[in-house]
Amino acid sequence: MYNFLVILVVLISVILVLLVLVQNSKGGGLASGFQSQNQYMGVRKTTDFLEKSTWTLVAVIVVFCIAASGFYKHSHRTVEEASELIEEAQSQQKATAPTAPTLDDAAATTQAE
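Reading guide: rules and limits
- Residues numbered from 1 in each chain as written.
- Predicted model: local features only at pLDDT ≥ 70, side-chain atom pairs only at ≥ 80, totals over all residues.
- Heavy atoms only, no water.
- Helix = DSSP H or I, 4+ residues; strand = E, 2+ residues; numbered from the N terminus.
- Buried < 20%, exposed > 50% of the residue type's maximum accessible area, 1.4 Å probe, protein only.
- Contact = heavy atoms within 4.5 Å.
- Areas by Shrake-Rupley, 256 points an atom, 1.4 Å probe, with all protein chains shown as cover.
- Polar contact = N/O pair within 3.5 Å; in protein donor to acceptor, adjacent residues only side chain to side chain.
- Core = buried A, V, L, I, M, F, W, Y, C linked by side-chain atoms within 4.5 Å.
- Expected span 1.5 Å × (residues − 1).
- Arc of directions from axis to C-beta.

(A) The overall build of the chain, seen in detail. In terms of regular secondary structure, the chain is built from 4 helices and 0 strands. Starting at the N terminus, the α and β elements of the chain follow one another as α-α-α-α. Relative to its full complement of 113 residues, the chain shows a buried share of 13%. Here the contacts in the chain between residues at least 6 apart in sequence split such that 73% fall between residues at least 24 apart. About 9400 Å² of surface is accessible on the chain, with carbon and sulfur atoms providing 64% of the total.

Here is the structure:
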């Protein structure tokens, strides 16, 4: 779930960047290309829509980031748990790992023959 939320945040961020680039920094936005009197209200509503959608996407990103942080804590182990698991695995490996022959073992086998 954490990875899914991160992917959604990245996609929404890209859409947000494109949406902000469409808007004019001085408030004109898409209205600068349409100078006709009969289209002014339609473009005005487009500018309002762009502004509202920008704020909506920002709010969605904030909510998804908070949700992702909650899933991150529950889906990953803490440092203490991970170190305990590593120590346990190392102790099991030492118990089952074959030991290398020493010089004393080699001398004992040659004397026995």
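Moving on from the model shown.
(B) Representation of the side chain of Thr54. The residue Thr54 is located in helix 2 (residues 40-75) in this model. Given the relative accessible area of 12%, Thr54 is considered buried. A distance of 2.7 Å separates the side chain of Thr54 from the backbone oxygen of Leu50, its partner in a polar contact. Those residues within four positions of Thr54 in sequence are excluded, and the remaining contacts are Leu16, Leu19, Val20 and Gln23.

(C) Spotlight on the nonpolar core. Val9, Ile12, Leu16, Leu19, Leu50, Leu57 and Ile61 together form the largest nonpolar core, which totals 7 residues. Residue assignment for this core shows that the elements contributing at least two residues are helix 1 (2-22) and helix 2. Considering each element in turn, this core owes the most residues, 4 residues, to helix 1. Excluding anything up to four places from it in sequence, Val9 contacts Ile61, Phe64 and Cys65.

(D) Inspection of helix 1 at higher detail. For helix 1, spanning 21 residues, the distance from its first C-alpha to its last is 31 Å, which sits close to the expected 30 Å at 1.5 Å a residue. Turning to helix 1, its buried residues are Leu5, Val9, Ile12, Leu16 and Leu19. For helix 1, the arc enclosing every buried residue in end-on projection is 90 degrees, short of the 170-degree limit, so these residues lie on one face. Among the exposed residues of helix 1, those oriented more than 90 degrees off its buried face are Asn3, Ile7, Leu18 and Leu21.

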